[in-house]
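Descriptive analysis of the structure
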Amino acid sequence: MKKGILYILSCYLLWGVLPIFWKMLQSLNPIYVLASRIFWSLIFCLIIILLSNQTSILWKFLKNKREMIFLFFSSIFITINWGLYIYAVVSGHIVEGSLAYFLSPLISVLLGFFFYGEKLDKSKVIAIIFAFIGVLIPIIYYGKIPLISLSIAFSFSIYGALKKNVKSSSIISVFIETLYVTPIAIFIIIFFEKNSLGALNIFSKLELILIPLTGVLTAIPQLLFAKGIKLAPLSLSGILMYINPFMQFLLGILIYKEQFSKIDLLTFIFIWIALIIYIKSVLVNNKNIDKI
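Residues numbered from 1 in each chain as written. Predicted model: local features only at pLDDT ≥ 70, side-chain atom pairs only at ≥ 80, totals over all residues. Heavy atoms only, no water.

The name given to the protein in an unreviewed UniProt entry is Protein RarD, with the source organism recorded as Gemelliphila asaccharolytica. Among the UniProt annotations of the protein, the heading Subcellular location (unreviewed entry) holds the following wording: "Cell membrane". A UniProt comment under Sequence similarities (unreviewed entry) is attached to the protein, and it reads "Belongs to the EamA transporter family." (UniProt positions renumbered as here; feature names shortened; annotations may be inferred.)

Written as structure tokens, this is what we have:
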């Protein structure tokens, strides 16, 4: 169990500091960065699959029509999620991005209720109401919807809901998901490079190492998560997950000095209260299951 917790913790810590890496690429167009992330994720995942002798398993899933359909749709939503988050970081909206990942579990609860018939107990309903109020606060005060946060949160939650139907391992599913969108990614990379807008024209030779790292830093946390989730208790994994957005939140405010008004603080307070209620509900439910 200790190994599992260590894997999970390492994964969330890596995700938590990833904004620092994306900031290093802010001189590049976010669309180009996304395309590079897709392409190099595919390459890195393929290397891992070959080195771990998983090619036969990969072929098995490539022939599975049901699996491939779900992975096609999950590839769309994870691409949207990656692209929006990269844009959020490089455009100075790390705090908004962190809000998305605080919201995501609560949105997943709603999706589970509507699409999988999962039960909503009283605590989860109250948590969702608090989260809803939190989202309403900036809408009422500023007269605008927090589109970045909601788009990132919904794309990630829908991705998670689709992945519930996927049986392939994390590394194989990420490989197949990136495989679907790699032709578009290659086209984008070539277009940007031909028009002198890509990394080859903007970055120094030393900085170019950052481009393949987009794939490495995408796949490694996925591998750590896949290993950890098998060894660590699910409830603990779920709670530790909040390390990721909390680190992003601190980075946005303390390191990158993003604007954070009293209204923003009020929004986060309502979301955090919602999460406390939700976590308490999960822990109580797990205790009840253990008693059965």
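Even without being glycine, asparagine 53 reaches a positive phi, approximately 55 degrees. Using a relative accessible area of 63% as the deciding quantity, one classes asparagine 53 as exposed. We note that lysine 257 has phi near 50 degrees; this positive angle belongs to a residue other than glycine. Tracing the chain through its elements places lysine 257 in the loop between helix H12 (243-255) and helix H13 (262-291). (Buried < 20%, exposed > 50% of the residue type's maximum accessible area, 1.4 Å probe, protein only. Helix = DSSP H or I, 4+ residues; strand = E, 2+ residues; numbered from the N terminus.)

The next point concerns helix H7 (residues 147-163). When the terminal C-alpha atoms of H7 are compared, their 24 Å separation across 17 residues agrees well with the 24 Å that a helix rising 1.5 Å per residue should span. Taken together, the buried positions of H7 are occupied by Ile148, Ser149, Leu150, Ile152, Ala153, Ser155, Ser157, Tyr159, Ala161 and Leu162. (Expected span 1.5 Å × (residues − 1).)

A word on the packing of helix H5 (residues 94-116) against H12. Helix-helix packing is characterised by the crossing angle of the two axes and by the distance between the axes. In the contact formed by H5 and H12, the axes pass within 8 Å of each other and the chain directions differ by 165 degrees. The orientation of H5 relative to H12 falls into the category roughly antiparallel. You can see that H5 and H12 cross each other, and the crossing is left-handed. Contacts between H5 and H12 involve Ile94, Val95, Gly97, Ser98, Tyr101 and Phe102 from the first element and Pro245, Phe246, Gln248, Phe249, Gly252 and Ile253 from the second. Considered class by class, the residues forming the contact of H5 with H12 number 8 nonpolar, 4 polar and no charged. (Axes fitted to C-alpha atoms, helices over the stretch in contact; angles between N-to-C directions. Parallel < 35°, antiparallel > 145°, perpendicular 65-115°, else oblique. Left-handed = near helix turned anticlockwise from the far one by under 90°. Contact = heavy atoms within 4.5 Å. Nonpolar A, V, L, I, M, F, W, Y, C, P; charged D, E, K, R; others polar.)

In this section: the pattern of salt bridges. Scanning all chains against the criterion turns up 1 salt bridge. Measuring nitrogen to oxygen at the nearest pair gives 3.0 Å for the salt bridge that ties lysine 163 to glutamate 177. Separated by 14 residues along the polypeptide, lysine 163 in helix H7 and glutamate 177 in helix H8 (residues 170-194) bring together distant segments of the chain. When its relative accessible area of 3% is taken as the criterion, glutamate 177 is described as buried. (Salt bridge = Lys/Arg side-chain N within 4 Å of Asp/Glu carboxyl O.)

What follows concerns the environment of tryptophan 40. With respect to the element layout, tryptophan 40 can be found in helix H2 (residues 30-51). The class of tryptophan 40 is partly exposed, set by a relative accessible area of 28%. Sequence separation of tryptophan 40 and glutamate 193 is 153 residues, and the distance between their C-alpha atoms is 16 Å.

On to the environment of asparagine 201, then. Position of asparagine 201 relative to the elements: it lies in helix H9 (residues 199-202). Once residues within four sequence positions are removed from consideration, asparagine 201 is found in contact with Glu193 and Ser196.

Aromatic ring pairs are defined here through the distance separating the ring centres and the angle between the ring planes. Evaluation of the coordinates by the stated rule reveals 21 aromatic pairs. On the basis of an interplanar angle of 75 degrees and a centroid distance of 5.2 Å, the ring pair of phenylalanine 72 and tyrosine 180 is categorised as edge-to-face. Here tyrosine 180 lies in helix H8 and phenylalanine 72 lies in helix H4 (residues 65-90), a separation of 108 residues in the sequence. For the pair phenylalanine 102 and tryptophan 272, a centre-to-centre distance of 6.0 Å together with 85 degrees between the ring planes defines the contact as edge-to-face. Separated by 170 residues along the polypeptide, phenylalanine 102 in helix H5 and tryptophan 272 in helix H13 bring together distant segments of the chain. Ring pairing ties together the aromatic residues Phe102, Phe246, Phe249, Phe260, Phe268 and Trp272, which thus form one cluster. A cation over a ring is seen here: lysine 23 above tyrosine 256, with NZ or CZ 5.1 Å from the ring centre. Sitting over the face of the ring of phenylalanine 61, lysine 60 holds its NZ or CZ atom 5.5 Å from the ring centroid. (Phe/Tyr/Trp six-rings, centres within 6.5 Å; stacked < 30°, edge-to-face > 60°. Lys NZ or Arg CZ within 6 Å of the ring centre and 35° of its normal.)

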